[in-house]
Structures are given as C-alpha cells and as structure tokens.
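Reading the structure
What follows is each chain in one-letter form.
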Amino acid sequence: GHPVAATALGFRERQALSRASPAGRFERQQSVGRRRFDLAEVPLMNAHQTQERERVRIYATGACEGFDKLRESLSGHPEIELVGASAHVADGAAALAGGHLDAVLHATRSASLPKDDLAAIREHTRAPVLIVASSGSSRMLEEALEADVADVLLLPQLVENVVFAVRKATHT
C-alpha cells in the first residue's frame, strides 16, 4: 500500500480496508458466537432495587468494641431495619419476643461463646443469631459450630460483609 494514500482515506474507508485484511477477518471470526463483556451491561443493585428488596429486621444485643459504630452503620443501611438494641438481653425481651425479627446480632467481648446470653435470646425468639465479637478465638468458633449460631463475625468488619452474613442467615 501507499502510506500517503492511506492517510488521505476517511474513517469509513480505513475501516473497510481493515475488515478486508486477513487479520480483520480472523478477529471478526473470533468474536462471532462470543459475546463481548461490557462492564456497563453488568446489572448492579441501584438504590431503588435495594429498597424494593424486603428489608431485614434485626435486633442488636450485647456490647463489644466497635459494636456501637456497626449498629450506627447498619441503622442507615437500606437493606436493614434495626428494630432496636439493648446491652442486656433481658432489656430487649419484649422486642425479641414480639418484634417479628429476621435475625439477632449479639455482641460479646468474651473469648468463648456467650451460652447464657444465647439461651436467654432463645427464650424469646427463633430468629437466627449472629455473634459479633471484638476478640475472637478458635475456642469460640469451635463452640459456635456446636451451638445454634448462624455465624460469628469478628470485628472490625465492613458493613457490607455484615449485611451479607445477615441476609445469608435469613435466606430461606
């Protein structure tokens, strides 16, 4: 080809030439039957779709380092309805019993599973219980496997990870 002639060609002519080239034919054949993946086409959850999904009703009990901040973040999350919170399970008995809860988050500073608190929660609700701990241990994790606990979340955690764990625990 003549380099000068190629530069004088318009966009459409250059496009036609590139399609006619062997490399162009190969490229077209490769893309036939294989859909190109475009990130703009990926269906992400927008705020409207998130609000269409039923909010998960949770109640928070107990206390540990970072739990206040987590509760605050969850209360503002569009997929979560934080019904209430209490440091002691007994103080939340009415909400636990009559709150039509989807899940309970129970925070603990203990290195072992808070079995008495879990038993107290179970007196009021059958909702899945997720333990939130500021100091986890392998002992707590082992005990959680044997107990009626949906999950153990060691703080700090990203709010989205906690929301995912809650949704997973409540998914039927």
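A brief look at the structure comes next. The model shown is predicted, which means the values in this text are computed figures rather than measured ones.

Within the protein, the regular secondary structure consists of nine helices and five strands. Mapped in sequence order, the helices and strands of the protein form the string α-α-α-α-β-α-β-α-β-α-β-α-β-α. Considering only contacts in the protein between residues 6 or more positions apart, those separated by 24 or more positions represent 67%. Working note: accessible area of the protein is about 11300 Å², and carbon and sulfur atoms make up 53% of it.

Glancing now at unusual backbone geometry. Looking along the chain, the bond that leaves L155 and enters P156 is cis, with omega of 5 degrees. With respect to the helices and strands, P156 occurs in the loop between β5 (151–154) and α9 (159–170).

Ordered by their spatial adjacency, five strands build an open sheet running β2-β1-β3-β4-β5, and the pairing between neighbours is parallel. Edge positions in the sheet fall to β2 (80–86) and β5, since each has one partner strand and no second. Averaged over all pairs of adjacent strands, the angle between their axes in this sheet comes to 25 degrees, without regard to strand direction. Pairing of strand β3 (residues 103–108) with strand β4 (residues 129–133), which is carried by five bridges, proceeds in the parallel orientation. Looking at the pairing, H106 lines up with I131 of β4. Sitting on the sheet, helix α5 (residues 67–75) touches β1 (56–62), β2, β3 and β4, and the angle it makes with β1 is about 165 degrees. Seen against the sheet, helix α7 (residues 115–122) touches β1, β3 and β4 and runs at an angle of roughly 150 degrees to β4.

Position of S86 relative to the elements: it lies in strand β2. Within the local environment of S86, its side chain forms a polar contact with the backbone nitrogen of G92, the two atoms lying 3.4 Å apart.

This part covers the nonpolar core. If you look at the biggest cluster of nonpolar residues, it comprises 19 residues, and the most contacted ones within it are I58, F67, L74, L105, V132 and V166. Sorting the residues of this core by element identifies β1, α5, β3, β4 and α9 as the ones contributing at least two each. A total of four residues in this core trace back to one element, the largest contributor, which is α9. Apart from the residues within four sequence positions on either side, I58 is in contact with L74, I80, E81, L82, V83, G84, L101, A103, L105 and V166. Core analysis: the second largest hydrophobic core is formed by 16 residues, L96, A127, V129 and I131 among them.

Here we come to the pattern of salt bridges. Side chains that differ in charge, positive against negative, can pair when their charged atoms come close. Per the counting criterion, the structure on display carries six salt bridges. Between R167 and E79 there is a salt bridge, with its nearest N and O atoms 3.4 Å apart. Here E79 lies in the loop between α5 and β2 and R167 lies in helix α9, a separation of 88 residues in the sequence. When the shortest N-O distance is used, the salt bridge between D148 and R126 registers 3.3 Å.

On to the environment of A119, then. Following the sequence through the fold, A119 ends up in helix α7. Each C-alpha atom of the pair A119 and V89 lies 9.8 Å from the other, and the pair is 30 residues apart in sequence.

So, about the pairing of β2. Pairing analysis gives six bridges linking β1 to β2, with the strands arranged parallel. Opposite T61, over in β2, you have S86 as the bridge partner. Read from β1 through α5 to β2, the crossover connection turns out right-handed.

Basis of the calculations
- Residues numbered from 1 in each chain as written.
- Predicted model: local features only at pLDDT ≥ 70, side-chain atom pairs only at ≥ 80, totals over all residues.
- Heavy atoms only, no water.
- Helix = DSSP H or I, 4+ residues; strand = E, 2+ residues; numbered from the N terminus.
- Contact = heavy atoms within 4.5 Å.
- Areas by Shrake-Rupley, 256 points an atom, 1.4 Å probe, with all protein chains shown as cover.
- Pairing = 2+ DSSP bridges.
- Axes fitted to C-alpha atoms, helices over the stretch in contact; angles between N-to-C directions.
- Polar contact = N/O pair within 3.5 Å; in protein donor to acceptor, adjacent residues only side chain to side chain.
- Core = buried A, V, L, I, M, F, W, Y, C linked by side-chain atoms within 4.5 Å.
- Buried < 20%, exposed > 50% of the residue type's maximum accessible area, 1.4 Å probe, protein only.
- Salt bridge = Lys/Arg side-chain N within 4 Å of Asp/Glu carboxyl O.
- Right-handed = clockwise from strand over helix to strand, strands pointing away.

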